[in-house]
Amino acid sequence: MAVHAKKIAVYVLVVFVLYVIITDPAKAADYVQLGFEGISNAAKAVGDFFTWLADGAK
């Protein structure tokens, strides 16, 4: 049952993404840029944390 629900959720998500891309490509590009900025910020934060740890957590 859970497998079917997961497949349906993925299908609905894909349809929604395609709908947004087709109806408003500029807004879809903004969403992609926002996502990449979030990933970049998260990676920088993880790097800063490990640098802090390597420096002796001072």
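Residues numbered from 1 in each chain as written. Predicted model: local features only at pLDDT ≥ 70, side-chain atom pairs only at ≥ 80, totals over all residues. Heavy atoms only, no water.

Colleague: What exactly am I supposed to notice about the packing of aromatic side chains here?
Modeller: The relative placement of two aromatic rings is captured by the distance of their centres and the angle of their planes. By the definition in use, this model includes two aromatic pairs. Judged by centre distance (5.9 Å) and plane angle (35°), the ring pair of Phe49 and Trp52 falls under tilted. Separated by three residues within a single helix, Phe49 and Trp52 lie in helix α2 (residues 25-54), roughly one turn from each other. Overall, Phe49 belongs to the partly exposed group, its relative accessible area being 42%. For Trp52, a relative accessible area of 39% puts it in the partly exposed group. Linked through ring pairs, Phe49, Phe50 and Trp52 together constitute an aromatic cluster. (Phe/Tyr/Trp six-rings, centres within 6.5 Å; stacked < 30°, edge-to-face > 60°. Helix = DSSP H or I, 4+ residues; strand = E, 2+ residues; numbered from the N terminus. Buried < 20%, exposed > 50% of the residue type's maximum accessible area, 1.4 Å probe, protein only.)

Colleague: I would appreciate a short explanation of the packing of helix α1 (residues 2-23) against α2 in the present structure.
Modeller: Helices that pack against each other are described as a pair by the angle of their axes relative to one another and the distance between those axes. Relative orientation of the contacting elements α1 and α2 amounts to 125°, with a least axis distance of 5 Å. With respect to α2, the axis of α1 lies oblique. Touching Val20, Ile21, Ile22 and Thr23 of α1 are Pro25, Ala28 and Tyr31, all from α2. Tallied by class, residues from the contact of α1 with α2 come to six nonpolar, one polar and no charged. (Axes fitted to C-alpha atoms, helices over the stretch in contact; angles between N-to-C directions. Parallel < 35°, antiparallel > 145°, perpendicular 65-115°, else oblique. Contact = heavy atoms within 4.5 Å. Nonpolar A, V, L, I, M, F, W, Y, C, P; charged D, E, K, R; others polar.)

No statement about biological role is implied by the geometric values presented.
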